[in-house]
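Per-entry structural report
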Amino acid sequence: MAAATTSLLTIPKQLLDPWVSNIHKGSTISQLSGSIPMKFGAGEAFVFDSGEAEYVGEGANKSSNDITKTTQTVEPFKFQKTIRFTNEVQWADEDHQLGVIQEILTQIQPALSRALDYGVIHGINPKTGAVVAGMTQTLTSAATAVEYAAADAPYVSTDAAVAALLAADGVPNGIAMDPKFAAKISAQRVAGTGQKLYPDFTFSNEASTFESLRAATSKTVGATGVLAVDTKIRAIVGDFSAVRWGVQRAIGLELIEFGDPDGQGDLKRNNQVAFRAEVVYGWGIAEINRNFAKIVDLV
């Protein structure tokens, strides 16, 4: 079999910039927590606290404040997606090249966007569901878990999660939820009139509000379809500013014309070419147990 060779494709800026900004369309994390610029590789983020200000009486001495530093580690993780096309895509003339690349990015972007959630929330390989040993900072590792009960209104478990975080000196500002939880919210009606109880809530992966929390919905929260078993995770409530994430290396697109890059047979023999896209995310989570709580179906 011929050795695989690759050719890097240049993605026009007018396509790449929207692709990166559209990560939020497939990720609850990016909806609820803004990305920050990152350099490639492991790193650290520091949070400094110098305490409160001091009242100084007339003629009194001023004292100093001690500075405490909290270190947040940031680790890089690479995700890739490889798709095959018949080699006719290479026959497109110069005028159609941009359209071909646009179609490839459209096919690849949603999966690489969801990968951010699968990593930050669960620490798993999105393709296989296997736990990735290096992904130790995950939202599902939060110690606080409150019960989701089918008989209760959705605000019951949400209020319990918020109360637990406030008691731990956390200040929650968002909720990432599984579609099962979102469906329950959407079904809430005002008795007698039938009006929606939460008209501002949108059960899609677009930021809306629920009980004064910014809300985003995706199957990534419960890992539905990726894991063979139900994780029982119905929602995660927390201060999503505690998640520091960014794109350490923007998407790179390779055209692969020879060999068997994905175990699906020789490309030349099948009259195919493959396109492989890779993105490197980096993330860290500050004080998980103070800032996040899980809503879990214990049944």
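Residues numbered from 1 in each chain as written. Predicted model: local features only at pLDDT ≥ 70, side-chain atom pairs only at ≥ 80, totals over all residues. Heavy atoms only, no water.

Along its 14 residues, helix α4 (residues 154-167) runs 21 Å from first to last C-alpha, staying within 8% of the 20 Å computed at 1.5 Å per residue. Listing the buried residues of α4 in full gives Pro154, Ser157, Thr158, Ala161, Val162 and Leu165. Along the axis of α4, the buried residues cluster in a sector spanning 135 degrees; they form a single face. Note on α4: the residue one or two positions beyond its end, Asp169, has a positive phi of about 70 degrees. (Helix = DSSP H or I, 4+ residues; strand = E, 2+ residues; numbered from the N terminus. Expected span 1.5 Å × (residues − 1). Buried < 20%, exposed > 50% of the residue type's maximum accessible area, 1.4 Å probe, protein only. Arc of directions from axis to C-beta.)

The next subject is the nonpolar core. With 40 residues, the main nonpolar core has Ile29, Phe79, Leu139, Trp283 and Phe292 as its most contacted residues. Among the elements that take part in this core, helix α3 (residues 97-122) stands out by supplying 10 residues, more than any other. Phe79 has contacts with Leu112, Ala115, Pro126, Met135, Ala277, Glu278, Val279, Tyr281 and Trp283, leaving out every residue within four places of it along the chain. (Core = buried A, V, L, I, M, F, W, Y, C linked by side-chain atoms within 4.5 Å. Contact = heavy atoms within 4.5 Å.)

This part covers the sheet that holds strand β4 (residues 144-148). Two strands in a sheet stick together by hydrogen bonds in their backbones, pointing the same way (parallel) or opposite ways (antiparallel). Read across the sheet, six strands follow the order β4-β11-β8-β5-β7-β6 without closing on themselves; strand pairing throughout is mixed. Edge positions in the open sheet fall to β4 and β6 (208-210), since each of these has one partner strand only. Between one strand axis and the next, the sheet turns by 30 degrees as a mean value, whatever way the strands run. With four bridges joining them, strand β5 (residues 174-177) and strand β8 (residues 233-238) adopt antiparallel strand pairing. Looking at β8, one finds that Met177 is bridged to Ala235. Its contacts with the sheet place helix α5 (residues 179-186) against β4, β5, β6, β7 (213-217), β8 and β11 (292-297), and it is angled at close to 110 degrees to β5. (Pairing = 2+ DSSP bridges. Axes fitted to C-alpha atoms, helices over the stretch in contact; angles between N-to-C directions.)

Counting across every chain of the model gives six aromatic pairs. The interplanar angle of 50 degrees and the centroid separation of 5.7 Å between the aromatic rings of Tyr148 and Phe181 together place this pair among those described as tilted. Note that Tyr148 is positioned in strand β4 and Phe181 in helix α5, a separation of 33 residues in sequence. Through a chain of ring-to-ring contacts, the aromatic side chains of Phe79, Trp245 and Tyr281 assemble into a single cluster. A cation over a ring is seen here: Lys184 above Tyr148, with NZ or CZ 4.5 Å from the ring centre. (Phe/Tyr/Trp six-rings, centres within 6.5 Å; stacked < 30°, edge-to-face > 60°. Lys NZ or Arg CZ within 6 Å of the ring centre and 35° of its normal.)

Turning next to the pattern of salt bridges. Taken as a whole and judged by the stated rule, the model has five salt bridges. For Lys180, the salt bridge is made with Asp178, and the minimal N-O distance between the two is 3.9 Å. Overall, Lys180 belongs to the partly exposed group, its relative accessible area being 41%. Classification of Asp178 as buried rests on a relative accessible area of 1%. (Salt bridge = Lys/Arg side-chain N within 4 Å of Asp/Glu carboxyl O.)

Right, let's talk about α5 for a bit. Along α5, the residues classified as buried are Phe181, Ala182, Lys184, Ile185 and Ser186. The N-terminus of α5 is capped by Asp178, whose side-chain oxygen sits 2.9 Å from the backbone nitrogen of Lys180. (Polar contact = N/O pair within 3.5 Å; in protein donor to acceptor, adjacent residues only side chain to side chain.)

Between α4 and α5, the shortest axis-to-axis distance is 9 Å and the interhelical angle comes to 120 degrees. Taken together, the axes of α4 and α5 are oblique relative to one another. Between α4 and α5, the residues in contact are Pro154, Ser157 and Thr158 and Phe181, Lys184 and Ile185, respectively. Residues of the contact of α4 with α5, tallied by class, amount to three nonpolar, two polar and one charged. (Parallel < 35°, antiparallel > 145°, perpendicular 65-115°, else oblique. Nonpolar A, V, L, I, M, F, W, Y, C, P; charged D, E, K, R; others polar.)

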